[in-house]
Amino acid sequence: MQIEYKPLPAGLYFVSTPIGAARDITLRALDVLATAEVLAAEDTRTLRKLMDIHGISLSNRPLIAYHDHNGPAQRPRLIAALKEGKSVAYASEAGTPLVADPGFVLAREAAAEGIRITAAPGPSAAVAALTVSALPSDRFFFAGFAPVAAGARKTALTELSKIPGTVIFYESPKRVQKLLDNLRETFGSERQAVVCRELTKKFEEVSRGSLAELAEMFSGRNLKGEIVVLVDRAHEVAVTAEEIEEALLERLKTMSVKDAAADAATALGLARRDLYQAALKLKGNA
Ligand code: SAM
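Keep in mind it's a predicted model, so treat the numbers as computed, not measured.

About the criteria used
- Starting afresh in each chain, residues are numbered from 1 along the sequence in its written order.
- Residues qualify for local features only when their pLDDT is at least 70, as the model is predicted, and side-chain atom pairs are given and counted only at 80 or more; totals for whole chains, interfaces and linings, by contrast, use all residues.
- Excluding hydrogens and water, the side-chain values take into account all heavy atoms of the structure.
- Helix and strand assignments follow DSSP, with helices taken as H or I runs no shorter than four residues and strands as E runs no shorter than two, numbered in order from the N terminus.
- When accessible area is computed with a 1.4 Å probe and restricted to protein chains, residues below 20% of their type maximum are described as buried, those above 50% as exposed, and intermediate ones as partly exposed.
- In what follows, a contact means two residues having at least one pair of non-hydrogen atoms within 4.5 Å.
- One requirement defines pairing of two strands: DSSP has to find at least two bridges between them.
- Here an angle of 0 to 180 degrees is reported between the N-to-C directions of two axes, which are lines fitted to C-alpha atoms, with helices fitted over the stretch in contact.
- Each patch is assembled from residues with relative accessible area greater than 30% and no salt bridge, linking like charges that lie within 9 Å and nonpolar side chains (Val, Leu, Ile, Met, Phe, Trp, Tyr) that lie within 5 Å.
- Per-residue and other accessible areas were derived by the Shrake-Rupley procedure at a 1.4 Å probe size, with only the shown protein chains allowed to occlude residues.
- A carboxyl oxygen of Asp or Glu within 4 Å of a side-chain nitrogen of Lys or Arg is what we treat as a salt bridge.
- Counted as positive: Lys and Arg. Counted as negative: Asp and Glu. His and the chain ends are not counted at all.
- By convention, charge coordinates are those of NZ in Lys, CZ in Arg, CG in Asp, or CD in Glu.

Novice: So what's going on with the side chain of Ser-161? Which residues, and what values?
Specialist: Looking at the secondary structure, you find Ser-161 in the loop between helix H6 (150–160) and strand S7 (166–171). On the basis of relative accessible area, Ser-161 is assigned to the buried category, the value being 11%. Setting aside anything within four residues of it in sequence, one finds Ser-161 in contact with Thr-186, Phe-187 and Arg-191.

Novice: With reference to specific residues and values, describe the sheet that holds S7.
Specialist: If you trace the five strands from one edge of the open sheet to the other, you get S6-S7-S10-S8-S9, paired in mixed fashion. The open sheet is flanked by strand S6 (140–145) and strand S9 (205–210), the only strands paired with a single partner. Across the sheet, the axes of successive neighbouring strands diverge by a mean angle of 15 degrees, strand direction being ignored. Those strands touched by H6 are S6 and S7, and its axis lies near 150 degrees from that of S7. Sitting on the sheet, helix H7 (residues 176–187) is in contact with S7, strand S8 (192–197) and strand S10 (227–231), with an inclination near 10 degrees to S10.

Novice: Please give an account of a negative patch on the surface that cites residues and values.
Specialist: A cluster of acidic residues, Glu-242, Glu-243, Glu-245 and Glu-246, forms a negative patch at the surface. Structurally, the position occupied by Glu-246 is in helix H9 (residues 241–252).

Novice: Could you give an account of unusual backbone geometry, with specific residues and numbers?
Specialist: In this structure, Ala-134 is a non-glycine residue whose phi angle is positive, near 65 degrees. By secondary structure assignment, the location of Ala-134 is in the loop between helix H5 (125–133) and S6. Looking at Ala-134, the relative accessible area reads 62%, which means it is exposed. The residue Thr-200 is not glycine, and still its phi comes out positive at about 70 degrees.

Here you go:
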């Protein structure tokens, strides 16, 4: 059966594409891809493949590569087409454009030109992961990829550890163990977290536990695939004075007062300042 498409109104269309399963594309996204006058993609081969799977031909429409490295050169071309009143559809390599993917500067420039911007919404690994994580979803914060440089990473993670909602990270499989270790140091060993791997794909895997348990679970594993890490917000835990004393005394056997206080504070989810005073006192009494 031949589908009769209505012409697409002028404007910029951000089209979400599957994050694994090719059939996770919406019917409207297919309509937009079938009818936009100009197509643009982060990876033109990936979009061609997706269109082939769903029987959409490119015909004689232009398909323009638009990614992080050629944005400044290609944007004027896309904006010019939009200003001529054309419909332009943009898809990133997978999931939702602008979510840890190109598209933001294009959106900003199009908005500044008064161009209509529309979404053909669909999959995003962040939302898929939040859905399967079973962590609280009332408030969540998308943190994307954590900075790689040690100093910037520590500062960013320390700030994120205070967010009163579920924090969502993207991470490469090679760096996930390092991320779990760094999260343990900044968010505390007991914080609940979830690691989602290969969502919607054959080897989908969802692992839940405290950051300490997950760090151990993933230690030494030669991981492959795509990964989202989610961390629960801090919950008030009642820690008794005996537990604090025990944690400090144990650490003071091998650590300085400052280090013992910092390490116990992370483990117990308490303020370093308070534990420093307690550790000083215990050291004085020893
Ligand atoms: N725009 C995409 C979205 O909406 O999710 C994200 C693109 S970002 C460049 C790629 C990262 O998304 C991966 O490194 C991984 O962290 C996450 N990701 C993408 N697909 C995934 C999947 N099927 N399972 C788990 N994580 C995925």
